[in-house]
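# Working through the structure, step by step
The lines below spell out each chain.
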Amino acid sequence: IGKIPLHKKGNVRLNISGGFNRFESAFLEKESKYGSVSYNVFSFGAGLENSFNPSFRLKPYIAGEFQANIISGKANINNVTANTTRNVKFKNSFRIGFNVYGGLEYMFTTKVGMNFGLKFTNSNQILKQTKTSDDPNVVPLRDKKDDTALIEFGGFKNFIFTSIYFGVNFYFGVTDIVYRFNK
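Our subject in this report is the structure included herewith. (Residues numbered from 1 in each chain as written. Predicted model: local features only at pLDDT ≥ 70, side-chain atom pairs only at ≥ 80, totals over all residues. Heavy atoms only, no water.)

With that settled, the discussion passes to the nonpolar core. With 10 residues, the main nonpolar core is built from V37, Y39, V41, I71, A75, V88, F90, V139, L141 and F159. Going through the elements one at a time, β3 (35-51), β4 (58-79) and β5 (84-107) are the ones with two or more residues in this core. Once residues within four sequence positions are removed from consideration, V88 is found in contact with G73, K74, A75, I77, P136, N137, V139 and F153. (Core = buried A, V, L, I, M, F, W, Y, C linked by side-chain atoms within 4.5 Å. Buried < 20%, exposed > 50% of the residue type's maximum accessible area, 1.4 Å probe, protein only. Helix = DSSP H or I, 4+ residues; strand = E, 2+ residues; numbered from the N terminus. Contact = heavy atoms within 4.5 Å.)

Right, dumping it as structure tokens:
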């Protein structure tokens with residue numbers, strides 16, 4: 001996450017972010033006889049943050065972002081009765097989502113600090129679709145509820161998750177910290 005202060009006080013910041021998340025699961029259990037599925041989510045976001053005391057060493061903050069996401073994946077589906085496996089690829093699919101997060105920054109010096117936080121993300125809130133494909137083994141992400149047709153793998157899906165994160169901060173242009181803990 002890159003943070004750019006929008007005024008001299010510095011508490012309101014423009015945040016620009018990039019991220020990658022991978023989800024893997026089996027249909028019913030870790031080593032399911034029915035197969036497995038995995039998804040990749042590449043995210044690019046922009047939003048606003050409020051840092052409650054930007055000139056202090058300890059800085060709590062809350063933020064929200066809109067995200068552009070590319071979601072892809074694959075599934076290995078085992079047909080237990082026929083003893084066969086079908087490999088399905090989910091094509092790159094563009095979705096718009098959002099995240100809200102909050103945390104704490106701590107400045108060790110005017111150049112380096114750390115942060116810790118909790119983030120809630122919904123990666124596919126807008127532009128959901130359920131479309132057919134010419135190739136039954138290479139399909140788009142089918143995440144919109146479709147009552148008019150029974151399309152394989154179609155139906156309402158949300159990529160919603162919570163993350164705990166920890167990071168290192170690098171500060172540019174900071175010359176002083178107003179509040180310091182006595183040693």
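This brings us to the pairing of strand β8 (residues 160-170). Side chains F161, S163, Y165, G167 and N169 project from β8 onto a buried face, and the interleaved I160, T162, I164, F166, V168 and F170 project onto a face without burial. Pairing between strand β6 (residues 112-126) and β8: 11 bridges, direction antiparallel. Looking at the pairing, T121 lines up with F161 of β8. (Pairing = 2+ DSSP bridges.)

With that settled, the discussion passes to the pattern of salt bridges. Per the counting criterion, the structure on display carries six salt bridges. Notably, a salt bridge pairs E49 with R13, separated by 2.9 Å at the nearest N-O pair. In this pair, E49 is assigned in strand β3 and R13 in strand β2 (residues 12-26), connecting sequence segments 36 residues apart. A relative accessible area of 2% means that E49 is categorised as buried. By relative accessible area, R13 is classed as buried at 8%. Across the pair R22 and E24 runs a salt bridge whose closest N-O atoms are separated by 2.8 Å. According to the relative accessible area criterion, R22 is partly exposed, its value standing at 40%. Among the ionic contacts, a cluster of salt bridges with common partners joins K3, R13, E49 and E105. (Salt bridge = Lys/Arg side-chain N within 4 Å of Asp/Glu carboxyl O.)

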